Amino acid sequence: MSTPIRAASVLPARRQDIELQTADGLTLVGELALPADRDPVATLICLHPLPTHGGMMDSHVLRKAAWRLPALADLAVLRFNTRGTSSVRGTSEGTFDGAVGERFDVAAAIEYAEFAELPALWLLGWSFGTDLALKYGCDPAVTGVILLSPPLRFSAEEDLAVWAGSGKPLTALVPEFDDYLRPAEARDRFATIPQAEVVGVPGAKHLWVGDAETVLDEVVRRVAPGTAVPLPANWDGPMEFGDASAYADRTVAAFAEVPVTGPEQRAASES
């Protein structure tokens, strides 16, 4: 029987709780989801939005990627909480470090994926996670990067230069009505990376509410080009349902009045 895929639909996969060990001695909690009965064709390493503004490994686009893409696109999806971040999976050790100490978190995730012999490692960053990807993700083991709502707040021109020199594919999905960086400006900012592809998404906003399916289609189009898109809207087979109610107060919108401290403000406060 064919069943519509809804926001809380969880399609079959081999799922396991994992722990990442950072070079500075922290344990980070996460999950690895693999196709249920075959090897993955590629891997997404997910870097979540700003934890001080509700971001975590279960932020809705990343959660839907893990719940759907192992079954629909034969992808492995690795999600984890950066230092000091909590979700239903648990709380990672350490404290938020404003995109400084998080370099060790990104390295730990890449190292885990390499050790597990996962194929074709792609970084999937969202908001703050895009800055982590740009600053610390241009690793020899990484195939490419997909950026969702990149604010370019913590990353700098020298970080973009590293990606430019690498030649690795970089795609930025930029909402038409983003709060921080909109398509026209994004094209200007990413122009220093010859291979960068900036895709403006009409009608979308920073949180991608109502546009998760568009995001997943665009991700799969690049990471698993052998998979037909748009992805199916129905599933023939077993399906479970996740409980997202625990995250009702964990959206970025709920933290709208909390200031986001970037490198300039951090430097001023330390001087």
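The model shown is predicted, which means the values in this text are computed figures rather than measured ones. (Residues numbered from 1 in each chain as written. Predicted model: local features only at pLDDT ≥ 70, side-chain atom pairs only at ≥ 80, totals over all residues. Heavy atoms only, no water.)

## Let's talk about the sheet that holds strand β11 (residues 170-175)
Within a sheet, each strand pairs with its neighbour through backbone hydrogen bonds, oriented either parallel or antiparallel. Across the sheet, eight strands lie side by side as β3-β4-β6-β5-β9-β10-β11-β12; this open sheet has mixed pairing. The sheet terminates laterally at β3 (14-21) and β12 (196-201), the two strands that pair on one side only. Between one strand axis and the next, the sheet turns through 20° on average, direction left out of account. Sheet topology places strand β5 (residues 42-47) next to strand β6 (residues 75-80); four bridges connect them, and they run parallel. Looking at β6, one finds that A42 is bridged to L75. Across the face of the sheet, helix α1 (residues 60-73) comes into contact with β3, β4 (27-34), β5, β6, β9 (121-126) and β10 (142-148) while running at roughly 155° to β6. (Pairing = 2+ DSSP bridges. Helix = DSSP H or I, 4+ residues; strand = E, 2+ residues; numbered from the N terminus. Axes fitted to C-alpha atoms, helices over the stretch in contact; angles between N-to-C directions. Contact = heavy atoms within 4.5 Å.)

## As for the pairing of β12
For a regular strand, the rule is simple: side chains alternate between the two faces of the sheet. Across six bridges, β11 lies against β12 in parallel orientation. Along β12, the bridge assignment pairs V174 with G200. Each parallel crossover has a hand, and the one from β11 via helix α5 (residues 183-189) to β12 is right-handed. (Right-handed = clockwise from strand over helix to strand, strands pointing away.)

## Observations concerning the environment of L78
Along the chain, L78 falls in strand β6. Those residues within four positions of L78 in sequence are excluded, and the remaining contacts are I18, E31, L32, L44, I45, C46, A109, Y112 and A113.

## Concerning the environment of A23
Relative to the helices and strands, A23 resides in the loop between β3 and β4. Residue classification places A23 among the exposed positions, given a relative accessible area of 73%. For the pair A23 and R103, spaced 80 residues apart in the sequence, the C-alpha separation amounts to 9.7 Å. (Buried < 20%, exposed > 50% of the residue type's maximum accessible area, 1.4 Å probe, protein only.)

## Quick word on unusual backbone geometry
The omega torsion of the bond from V229 to P230 falls at 5°, within 30 degrees of zero and hence cis. Assignment of secondary structure puts P230 in the loop between α6 (212-223) and β13 (234-236). The backbone of A99 sits at a positive phi, close to 70°, despite the residue not being glycine. Examined against the element boundaries, A99 turns out to sit in the loop between β8 (90-91) and α2 (102-115). Positive phi outside glycine occurs at S127, with the angle close to 55°. With respect to the helices and strands, S127 occurs in the loop between β9 and α3 (128-136). Residue S127 is classed as buried on the basis of its relative accessible area of 10%.

Function-wise, these values are silent; they only describe arrangement.
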